[in-house]
Amino acid sequence: MTPDHVPCNSSIVFDRFTTTTEESFINKDHCWFADSHLPTDLILQVEGISFYVHKYILISRCEYFSRINIQTPDSDLSYDLKLDNFPGGSDTFESVLKFCYGLPIELTPANVAPLKCASEYLQMTEKYDEGNLISKTEAFLTFVVLSSWKDTITVLKSCEFLSPWVENLQIVRRCCDSTAWMVSNSSKSVHDEGWWFNDVLTLRIEHFVRIITGIRAKGVGAEILGGCIVKYAEKWLPIQVDVKNFEGGFLGYHGTNELRLSISSGKKEGISGGENKEKKLLIESIVSILPPQREAVSCKFLLWLLKMAVVYSASPALISELEKRVGMVLKDADVNDLLIPSYKNAIDQGKLKEDNTIHDVDMVHRIVEYFIMHEQQQQQETSYEKLNIVKLLDGYLAEIARDPHLTIAKFQILAEVLTEKARNCHDGLYRAIDTYLKSHPDLMEHDKRRLCKVMNNEKLSLDACLHAAQNERLPLRTVMQVLLSEQVKMRAAINTKEMILPTGSAIEHGNNLLYTNKEIKDIKAELDMVKTKMSELQNDYYDLQQEFEKLSNKQKHASGWNSGWKKIKNSFFQSRMDSHVTLSSDETSQQTQGGKSTGTGSRRRFSIS
């Protein structure tokens, strides 16, 4: 329930001493006549409508007419005086004339602001008549309108086309202060804290800004203000941008997670430059009133607002401000939100530039840098994995890797923006690199090696290593490095196993027998077999390295590389399968003995794999 004290249809009818009757006024063919027994001696024009009136009636009420010298018009003019930019237009002027002639007029929240501005324009003060129009409109505004929420909102709507009069007369300021006071004094007691949202969403942006600023000064919570700002932006800005023939340009991209935009060179059809300017002003005003608290608005909303700022060419300073705010809450973003289209110079005389990317990668790079800078300023122990930044960035790299115009340099810079210790696992980075290689099949060998330098082979999981070992898109050197890294891991696992199993008959822990002599012999036999396979794998690796060196010098040795490559793959996978088969058979024999420790098989499984 809104804090209304007076119904929104509040009105007051003022009766004056009438010098004529209402039937004596005629409105016909854009002319307004005050028909009486006295002929009219003054013709006024407002918005193309001529008003035939009596001069002495207006002079007795309005100081404006008594101070100007009204002369007989030239023969080519149909009026004595033209009132330019009259507040409220011809309808308001007609109401003023009726008041001057003594006819009753009705003051309502919808017409009080235009009538007050018009009375101030004509200087209808108490000096010329007691109870003149200025004092009556002021009393109605103060004692009726400003005590009612609905009436105040109605007055603000009526002020949209009365600038600069409503500003100079402080009507807007007083209405905004009144609404802010009512919100701040009722939001704590009213169950629905957003009861006032729907009303303020209908106002123009300048009035909305004034109200939000006033409410914020009264101490209303940032989350409440942020919720209202989000709803206002969603109401007045397009949720989905579907732009055709827009200035600048955008190269269409059809991916699984694309932002559906289609923009080409030329002017946007159906949208005028004035509308673009209005949207730009709207975005800048919304950003200016965003509460500084991180919890005020979501990261998703900020990124959507950033996209709108790019579409409607907001100022670089505003875009930079939005980038910083997104950086503060980047941990809450997802990949789709980060896909910000690039509109700058996408088409140059009908030819696409090679360095023009579909998505604005530079902007995302700046956002990530702002995030790192913010975390450093907070002097916090930042866990990038916990904050979801690594997963977010790797997912973004995998999406933009499909862009045929994305250079290796841009991919590399964005991949390395986080420190080396930020990623505990490089599987996501490997996936992004593999996607890039799929989308750029014509890369030279040295470019592939340059791309793979951003990945640490030692931080790949077993599944990633197995995939990389069979990946024909990877450069040969990278494949060998992956195999060597896996070999080192296996050696470390063997050494760890040997340390766990010391020489002796049986290992006792308290009163429980963990290993028997037979189990120890079986495990040692497994280790000897793995060592043999490792030796064979190492020999194959050296053979492969020699084949690679020959291939680098002469292309005719390609068949030798193929045979060596098949040999190393077969040896690698066979060794892995033999290890697991041996382990599985040992576990079976372990179970048949009965009453033995159940933890032995699991320990061997961990050590071997």
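Residues numbered from 1 in each chain as written. Predicted model: local features only at pLDDT ≥ 70, side-chain atom pairs only at ≥ 80, totals over all residues. Heavy atoms only, no water.

S.K.: I'd like a rundown of the overall build of the chain, residues and numbers included.
M.R.: Tallying secondary structure elements over the chain gives 25 helices and eleven strands in all. A total of 609 residues make up the chain; the buried ones form 49% of that total. Here the analysis covers contacts within the chain between residues at least 6 apart in sequence; of these, 70% occur between residues at least 24 apart. In the structure as shown, the chain presents an accessible area of about 31,700 Å², 50% of it carried by carbon and sulfur atoms. (Helix = DSSP H or I, 4+ residues; strand = E, 2+ residues; numbered from the N terminus. Buried < 20%, exposed > 50% of the residue type's maximum accessible area, 1.4 Å probe, protein only. Contact = heavy atoms within 4.5 Å. Areas by Shrake-Rupley, 256 points an atom, 1.4 Å probe, with all protein chains shown as cover.)

S.K.: Provide a residue-level description of the pairing of strand S5 (residues 49–53), including the pertinent values.
M.R.: The side chains of a regular strand alternate between both faces of the sheet. Judged by how many residues are buried, S5 sits mostly within the fold: four of five residues are covered. Across five bridges, strand S4 (residues 42–46) lies against S5 in antiparallel orientation. In the strand pairing of S5, leucine 44 is matched with phenylalanine 51. The antiparallel hairpin formed by S4 and S5 contains two residues in its connecting segment, where glutamate 47 sits at a positive phi of about 55°. (Pairing = 2+ DSSP bridges.)

S.K.: Can you lay out the nonpolar core for me, pointing to particular residues and giving the numbers?
M.R.: Formed by 152 residues in total, the largest nonpolar core has its most connected members in Leu122, Trp196 and Leu330. For this core, the element with the most residues is helix H13 (residues 299–311), which contributes eleven residues. If sequence neighbours within four positions are ignored, tryptophan 196 has contacts with Trp149, Val183, Ile212, Ile215, Ile224, Leu225 and Cys228. (Core = buried A, V, L, I, M, F, W, Y, C linked by side-chain atoms within 4.5 Å.)

S.K.: Quick rundown of the pattern of salt bridges? Include the residues and the values.
M.R.: Here the structure, examined in full by the defined rule, presents 17 salt bridges. Between arginine 67 and glutamate 63 there is a salt bridge whose closest N-O contact spans 3.6 Å. Taken together, the positions of arginine 67 and glutamate 63, both in helix H2 (residues 63–67) and four residues apart, correspond to about one turn of that helix. Taking relative accessible area as the criterion, arginine 67 reaches 60% and is therefore assigned exposed. Note that lysine 116 and glutamate 120 form a salt bridge whose closest N and O atoms lie 3.7 Å from each other. Of the two residues, lysine 116 and glutamate 120 both sit in helix H4 (residues 112–122), four residues apart, roughly one turn of that helix. What you see here is one network of salt bridges that share partners, running through Lys116, Glu120, Glu138 and Arg174. (Salt bridge = Lys/Arg side-chain N within 4 Å of Asp/Glu carboxyl O.)

S.K.: Give me unusual backbone geometry: which residues, what numbers.
M.R.: A cis amide bond links serine 163 with the next residue in sequence, proline 164, at an omega value of 0°. Following the sequence through the fold, proline 164 ends up in the loop between helix H6 (149–158) and helix H7 (165–168). Non-glycine residue glutamine 170 carries a positive phi angle of around 65°. By the element assignment, glutamine 170 lies in the loop between H7 and helix H8 (171–186).

S.K.: Could you give an account of the packing of helix H3 (residues 89–100) against H4, naming the residues involved and the relevant values?
M.R.: Relative to each other, H3 and H4 sit at 70°, their axes nearing to 10 Å. By the angle between their directions, the pair H3 and H4 is classed as roughly perpendicular. Along this stretch, H3 crosses H4, giving a crossing that reads as right-handed. In this structure, H3 contributes Thr92, Phe93, Ser95 and Val96 to the contact, and H4 contributes Pro114, Leu115, Ala118 and Leu122. (Axes fitted to C-alpha atoms, helices over the stretch in contact; angles between N-to-C directions. Parallel < 35°, antiparallel > 145°, perpendicular 65-115°, else oblique. Left-handed = near helix turned anticlockwise from the far one by under 90°.)

S.K.: Describe H13, naming the residues involved and giving the relevant values.
M.R.: Between its first and last C-alpha atoms H13 spans 18 Å; for 13 residues at 1.5 Å apiece the expected length is 18 Å, and the two agree. Turning to H13, its buried residues are Cys299, Phe301, Leu302, Leu303, Trp304, Leu305, Leu306, Lys307, Met308, Ala309, Val310 and Val311. Following H13 by one or two positions, serine 313 has its phi on the positive side, about 55°. (Expected span 1.5 Å × (residues − 1).)

S.K.: Give me the lowdown on the pairing of S4, citing residues and values where you can.
M.R.: In terms of burial, S4 is largely enclosed, as five of its five residues are buried. Of the two faces of S4, both are covered, the one formed by Leu42, Leu44 and Val46 as well as the one formed by Ile43 and Gln45. In this sheet, strand S6 (residues 81–82) lies alongside S4 in parallel orientation, the contact comprising two bridges. Paired with glutamine 45 across the bridge in S6 is lysine 82.

S.K.: Explain the packing of aromatic side chains to me, and be specific about the residues and the numbers.
M.R.: Centre-to-centre distance and the angle between the planes together describe a pair of aromatic rings. Within this structure, the stated rule accounts for 14 aromatic pairs. Here phenylalanine 301 and tryptophan 304 contribute two aromatic rings whose centre-to-centre distance is 5.7 Å and whose plane-to-plane angle is 45°, an arrangement assigned as tilted. A residue pair is termed a helical-turn pair when its members lie 3 or 4 positions apart in one helix, as phenylalanine 301 and tryptophan 304 do in helix H13 at three residues. Among the residues examined, tryptophan 304 registers a relative accessible area of 14% and is labelled buried. The rings of Trp32, Phe51, Tyr64, Phe65, Phe86, Phe93, Tyr101, Tyr121 and Trp165 are connected pair by pair, giving a single aromatic cluster. Above the face of the phenylalanine 161 ring, arginine 204 is positioned so that its terminal group lies 6.0 Å from the ring centre. (Phe/Tyr/Trp six-rings, centres within 6.5 Å; stacked < 30°, edge-to-face > 60°. Lys NZ or Arg CZ within 6 Å of the ring centre and 35° of its normal.)

S.K.: I'd love a proper account of helix H14 (residues 316–328), names of residues and values included.
M.R.: End to end, H14 covers 19 Å across 13 residues, agreeing with the expected 18 Å (1.5 Å per residue, within 8%). Residues of H14 that are buried include every one of Leu318, Ile319, Leu322, Glu323, Arg325, Val326 and Gly327, and no others.

S.K.: Account for the environment of lysine 98, naming residues and giving values.
M.R.: Looking at where lysine 98 falls in the secondary structure, it is placed in helix H3. Sequence separation of lysine 98 and alanine 34 is 64 residues, and the distance between their C-alpha atoms is 9.5 Å.

S.K.: Provide a residue-level description of the side chain of aspartate 434, including the pertinent values.
M.R.: As for its placement among the helices and strands, aspartate 434 is situated in helix H19 (residues 427–439). With relative accessibility at 7%, the residue aspartate 434 sits in the buried group. Setting aside anything within four residues of it in sequence, one finds aspartate 434 in contact with His467, Asn471 and Arg473.

S.K.: Please provide a residue-by-residue account of the confidence of the model for the chain, values included.
M.R.: Scored by pLDDT, the chain has a mean of 76; 67% of the residues are at 70 or more. Mean pLDDT values over the elements of the chain span from 32, in helix H25 (residues 599–608), up to 97, in H4. Low confidence marks residues 503–515, where pLDDT is under 50. Its contacts with residues over four positions away, or in another chain, come to 28 contacts. Long-range and interchain partners of residues 576–609, a stretch whose pLDDT sits below 50, account for 42 contacts in this model, where long-range means more than four residues apart. (pLDDT = per-residue confidence, 0-100.)

S.K.: I'd like a description of the state of the cysteines, backed by residues and values.
M.R.: Following the criterion strictly, the structure yields zero disulfides and no others. Cysteine cysteine 100 remains unbridged, with the sulfur of cysteine 62 as its closest cysteine sulfur at 4.1 Å. Taking the relative accessible area as the measure of exposure, cysteine 100 reaches 2% and is therefore buried. Cysteine 175 provides the cysteine sulfur closest to cysteine 176, a residue in no disulfide bond, and the two sulfurs are 6.9 Å apart. (Disulfide = S-S within 2.5 Å.)

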